[in-house]
Amino acid sequence: MIHSQFNFFMIRDNVNRVAAAIHEKCIKANRIPKDVKLIAVSKNFGVPEIMEAYEAGIRRFGENRAQELRDKAGQINKEFEWHFIGHLQTNKVKYITEKVKYIHSIDSLKLAETVDRLGGVREERIKVLLEIKTSDEATKYGLDTEEEIYKTAEFCRSSANLELTGLMTIAPLTDEEAEIRKSFISLRELGERLKKEGYNIAELSMGMTSDFGIAIEEGATYVRIGTAIFGERNYI
Ligand SMILES: *Cc1c(COP(=O)(O)O)cnc(C)c1O
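Predicted model only: the values in this text are computed from it and were never measured.

Moving on, we get to the layout of surface pockets. Vacant regions in the atomic arrangement are exposed by a probe of water-molecule size rolled over the atoms. A volume near 780 Å³ is recorded for the largest pocket. Around the largest pocket, the lining comprises 27 residues; the ones closest to its centre are Lys43, Lys140, Ile170, Met208 and Arg233. Counted by class, the lining of the largest pocket contains eleven nonpolar, nine polar and seven charged residues. The space that makes up the second largest pocket amounts to roughly 270 Å³. Of the residues contributing to the lining of the second largest pocket, the split by class is five nonpolar, one polar and seven charged.

Shown next as structure tokens:
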């Protein structure tokens, strides 16, 4: 459910604070700040909060549920860049094909085929990232075996309606920094390998509120941040 109980003034402050933290981390890690792009993850928050983040300068928004993205995008007619970041069931692709610019969570060949088929209605190709399972957590979605990864990458590369742009991962939920870093390093190394083989892997989507600093150190080009911008999510 979407609800609006958040203090709007805090969102502006949070956006500024997060942007400053990203900038600072980039300088420390010898990264060019403009190479790390912020996606505000607005799932579970409503249009008023989203507009507050927009007023504070955010243009990229991330959602993880198809109908929620469709409903919000339908209420907003500003220059927004919608990123879909959650597990996407093939029967729900239709809700977002006209709205999204990026899908970060291509986690099966079947999903890639469905997005390709439904993406034909658009003028612009849908930019896609392959979601990779970089840790052993059983609950996580993502491409796992070499075979799955290569088949899906090859399909996306040769598709008429998709544009392969990169890789995405979610680090394991742990306080062990080494575990988190390992997951990000393995995404970067896979990206380097695919690039050498001619795939277009310009983007690494990794890092959330609790681990974006590590992700920036390890090469993230998109960080997906929800809680640090909008506050804690209440699930009801
Ligand atoms: C919710 C979510 C985020 C943001 O998480 P926070 O910890 O609130 O920053 C990032 N990526 C994905 C895939 C998510 O589902």
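A few words now on the site of the ligand. What surrounds the ligand is the set Val41, Lys43, Ile85, Ile170, Met208, Thr209, Arg224, Ile225, Gly226, Thr227 and Arg233. Contact with the protein chains removes 90% of the 390 Å² of surface that the ligand exposes when unbound. Among the detected pockets, the ligand sits in the largest pocket. Across the shell around the ligand, the residue classes break down as five nonpolar, three polar and three charged.

The backbone phi angle of Asn30 is positive, close to 60°, even though this residue is not glycine. Among the structural elements, Asn30 can be located in the loop between helix 1 (8-28) and strand 1 (37-41). Although it is not a glycine, Asn44 adopts a positive phi angle of roughly 70°. Among the secondary structure elements, Asn44 is positioned in the loop between strand 1 and helix 2 (47-55).

Rules used in this analysis
Residues numbered from 1 in each chain as written. Predicted model: local features only at pLDDT ≥ 70, side-chain atom pairs only at ≥ 80, totals over all residues. Heavy atoms only, no water. 1 Å grid on protein atoms, 1.4 Å probe; cavity = no way out; pocket = protein on both sides within 12 Å on 5 of 7 lines; lining within 4 Å. Points joined across faces, edges and corners; volume = space filled by probe spheres on them. Nonpolar A, V, L, I, M, F, W, Y, C, P; charged D, E, K, R; others polar. Near = heavy atom within 4 Å. Areas by Shrake-Rupley, 256 points an atom, 1.4 Å probe, with all protein chains shown as cover. Sits in = over half its atoms within 2 Å of the grid points. Helix = DSSP H or I, 4+ residues; strand = E, 2+ residues; numbered from the N terminus.

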